[in-house]
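# Chain and residue survey
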Amino acid sequence: MKKIKLDIVGLSYSQTQSGAYALVLGEVNGRRRLPIIIGGSEAQAIAVEIEKMTPTRPLTHDLFKSFALSFHINVQEVIIYNLVDGIFYAKLICSDGEHLHEIDARTSDAVALAVRFECPIHTYEFILATAGIMIEGNDFVFLENIDPNTADDKPEVTPQGYSSFSVEELKEKLQQALLEEAYEKAVKIRDELSKRKSS
């Protein structure tokens, strides 16, 4: 399966959920973006390394890096390899110089380590096709919602969230959320649209 390289293109604070952040990964040499909701501590760990700040004491991911390098282990690659029920799955590809080992990790932790080891981040086409956003000029379009038949789908009633809105209203709210860079809100709207499309 062909891998697609990603870069970190944004990290923004959630306007609707306290302590949550949207990590936005972008397709290298492409227009697709992959927003992933992560916790505050993981967002801090990524931001600290990107901004090249030096904390007074090592953060957990810094400790992991020091520990790994002490035993001549290097993280060579991070792969976001699956997406199940809105949860992204990632793994670290590690080398001790002789053997490669795959280690399961939360995507947020994997990205925090990728920036420390300066290793590439990859994913697969089916993940970008399912959960990605494509930049169209100044607008964002969720890839799975390009199908014109989406508007004819029967809404799925859910106990909370955006279930009371029509598909057209959800699309309008989605565009507004993206213009405001409220990625966490946009992800929730995308998930609601996905539920309706699959029902």
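Up top you'll find the structure we're talking about.
Conventions used here
Residues numbered from 1 in each chain as written. Predicted model: local features only at pLDDT ≥ 70, side-chain atom pairs only at ≥ 80, totals over all residues. Heavy atoms only, no water. Phe/Tyr/Trp six-rings, centres within 6.5 Å; stacked < 30°, edge-to-face > 60°. Buried < 20%, exposed > 50% of the residue type's maximum accessible area, 1.4 Å probe, protein only. Lys NZ or Arg CZ within 6 Å of the ring centre and 35° of its normal. 1 Å grid on protein atoms, 1.4 Å probe; cavity = no way out; pocket = protein on both sides within 12 Å on 5 of 7 lines; lining within 4 Å. Points joined across faces, edges and corners; volume = space filled by probe spheres on them. Helix = DSSP H or I, 4+ residues; strand = E, 2+ residues; numbered from the N terminus. Nonpolar A, V, L, I, M, F, W, Y, C, P; charged D, E, K, R; others polar. Domains from an automatic or database assignment. Contact = heavy atoms within 4.5 Å. Salt bridge = Lys/Arg side-chain N within 4 Å of Asp/Glu carboxyl O. Arc of directions from axis to C-beta. Axes fitted to C-alpha atoms, helices over the stretch in contact; angles between N-to-C directions. Parallel < 35°, antiparallel > 145°, perpendicular 65-115°, else oblique. Left-handed = near helix turned anticlockwise from the far one by under 90°.

What follows deals with the packing of aromatic side chains. All told, the structure shown has two aromatic pairs when counted by the stated rule. Residues Phe67 and Phe71 carry aromatic rings whose centres are separated by 5.2 Å and whose planes lie at 50 degrees to one another, so their mutual orientation is tilted. A single burial state applies to Phe67 and to Phe71, both of which are exposed. Between Tyr81 and Tyr89, the ring centres sit 6.4 Å apart and the planes meet at 55 degrees, which makes this aromatic pair tilted. For Tyr81, a relative accessible area of 27% gives the class partly exposed. When the ring centre of Phe117 is taken as reference, the NZ or CZ atom of Lys65 above it lies at 6.0 Å. In this arrangement the basic side chain of Lys91 is found over the ring face of Tyr81, its NZ or CZ atom lying 5.1 Å from the centre.

Before going further, it helps to examine the layout of surface pockets. Approximately 310 Å³ is the volume attributed to the second largest pocket. Mapped onto the lining of the second largest pocket, the elements with two or more residues apiece are strand E3 (32-39), strand E5 (87-95), strand E6 (100-106), helix H3 (107-117) and helix H6 (183-198). A per-element tally of the lining of the second largest pocket places E3 first, with five residues. Its residues placed into classes, the lining of the second largest pocket shows eight nonpolar, four polar and five charged. Shared between two domains, the lining of the second largest pocket takes at least three residues from each, and those domains are domain 1 (3-134) and domain 2 (167-198).

As for its placement among the helices and strands, Ile79 is situated in strand E4 (residues 74-84). In this structure the C-alpha to C-alpha distance between Ile79 and Leu6, which are 73 residues apart in sequence, comes to 9.7 Å. In this structure Ile79 touches Lys3, Tyr89, Ala90, Lys91, Ile93, His122 and Tyr124, once residues within four positions along its chain are discounted.

This paragraph deals with the pattern of salt bridges. Counted by the stated rule, this structure contains eight salt bridges. Residue Arg32 pairs with Glu27 through a salt bridge whose shortest N-O separation is 2.8 Å. When sorted by exposure, Arg32 lands in the same class as Glu27, which is buried. Between Asp62 and Arg116 there is a salt bridge; the shortest N-O distance is 2.6 Å.

To continue, consider helix H2 (residues 60-70). For H2, the set of buried residues is His61, Asp62 and Ala68. All buried residues of H2 fall inside an arc of 130 degrees around its axis, so they share one side. Among the exposed residues of H2, those oriented more than 90 degrees off its buried face are Thr60, Leu63, Phe67 and Ser70. The inward-facing, buried residues of H2 contact helix H1 (40-50) and H3. With its phi angle positive at about 60 degrees, His72 sits one or two positions after the end of H2.

This next bit is on the packing of H1 against H3. For the pair H1 and H3, interaxial distance at closest approach is 9 Å and the crossing angle is 15 degrees. Judged by the angle between their axes, H1 and H3 are roughly parallel. Handedness of the H1/H3 crossing: left-handed. Where H1 abuts H3, its residues Glu42, Ala45, Ile46, Glu49 and Ile50 lie against Ser108, Asp109, Val111, Ala112, Val115 and Arg116.

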